[in-house]
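Inside the fold
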Amino acid sequence: MRKIIVLSMITLDGVMQAPGGPKEDTSGDFKYGGWVAPYADEVYGKVVQEELKPADYLLGRKTFEIWAGYWPEHGDFWPGINEGSKYVFSQSMKNTDPIVTGWKNSVIIKSLADIQKLKKIKGSDVQVWGSSQLVQLLLKHDLVDELRLKIHPLTLGDGKKLFDSGTIPAAFTLTESIVTTTGVIIASYKRAGKVKTGTVGE
């Protein structure tokens, strides 16, 4: 069974909205698009390049619409993004929509059952980028096998967040971590069973 891996750039307070640029996602009157830019360094760049290796992708509708308007013409920066399978979780889109047929290897899926079937299909692990509502749905139904987070040293208060109150209790194990010269904590976690409790000192 292949894994679903969530990759996300987040702030200390969990905001993940529009890290890449001012116009990326202004919904909710978000004013801080591009907040990742000041934290780039060589370490960060090497990690990103490793993450851009060919894979399959599971995306929410909004992220797909943003990507479909950009990556088909910029695939030289992200080798494999155009060749990889893009599974788009959407109730409103159809496989016959021009935006779907216009970006090769894009397929619409509509249910949690479809995602569960996707995990069972042989192939590359499935990466989830952006797609805050989809990520929250996956976390709510315990469908996330790994989290690869870039935790930036700032708070934004408002904005779409990685976690919400619907996230189920779940334990994760830290498998890898590094701190960049600009203070970004890059950490990978894998699912590790149920939450355990106890009393400190006993």
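The preceding data block contains the structure.
Read on for an overview of the structure.

About the criteria used
- Residues numbered from 1 in each chain as written.
- Predicted model: local features only at pLDDT ≥ 70, side-chain atom pairs only at ≥ 80, totals over all residues.
- Heavy atoms only, no water.
- Buried < 20%, exposed > 50% of the residue type's maximum accessible area, 1.4 Å probe, protein only.
- Helix = DSSP H or I, 4+ residues; strand = E, 2+ residues; numbered from the N terminus.
- Arc of directions from axis to C-beta.
- Contact = heavy atoms within 4.5 Å.
- Polar contact = N/O pair within 3.5 Å; in protein donor to acceptor, adjacent residues only side chain to side chain.
- Core = buried A, V, L, I, M, F, W, Y, C linked by side-chain atoms within 4.5 Å.

Details of helix H1 (residues 42–51)
For H1, every residue scored as buried is listed here: Tyr 44, Val 47, Val 48 and Glu 51. With its buried residues spanning 100 degrees around the axis, H1 presents them on a single face. Those residues of H1 that are exposed and aimed more than 90 degrees away from the buried face are Glu 42 and Lys 46. Check the buried side of H1 and you find it contacts strand E1 (4–11), strand E5 (126–129), strand E6 (146–152) and strand E8 (185–191). Structurally, the start of H1 carries an N-cap: the backbone nitrogen of Val 43 is 3.2 Å from a side-chain oxygen of Asp 41.

Observations regarding the environment of Met 1
Secondary-structure assignment places Met 1 in the segment before E1. We classify Met 1 as exposed; its relative accessible area is 73%. Between the alpha carbons of Met 1 and Lys 194 there is a distance of 20 Å; along the sequence they are 193 residues apart. The residues touching Met 1, leaving out its near neighbours within four places in the chain, are Lys 119 and Lys 120.

Structural notes on the environment of Ile 108
Topologically, Ile 108 is positioned in strand E4 (residues 106–109). Look at Ile 108 and you get buried, because its relative accessible area is 9%. Between the C-alpha atoms of Ile 108 and Asp 13, which are 95 residues apart in sequence, the distance is 32 Å. For Ile 108, the residues in contact, after removing those within four places along its chain, are Val 88, Ser 90, Met 93, Lys 94, Asn 95 and Val 100.

Things to note about the nonpolar core
By size, the foremost hydrophobic cluster in this structure holds 31 residues, and its most contacted members are Tyr 57, Phe 64, Trp 67, Trp 78, Ile 81, Trp 103 and Trp 129. For this core, the elements supplying multiple residues, two or more each, are E1, H1, strand E2 (56–60) and helix H2 (61–68). Excluding its chain neighbours within four sequence positions, the residues that come into contact with Ile 81 are Tyr 57, Trp 67, Trp 71, Gly 75, Lys 86 and Trp 103. Listed in part, the 22 residues of the second largest apolar core include Val 6, Ile 10, Ile 109 and Ile 115.

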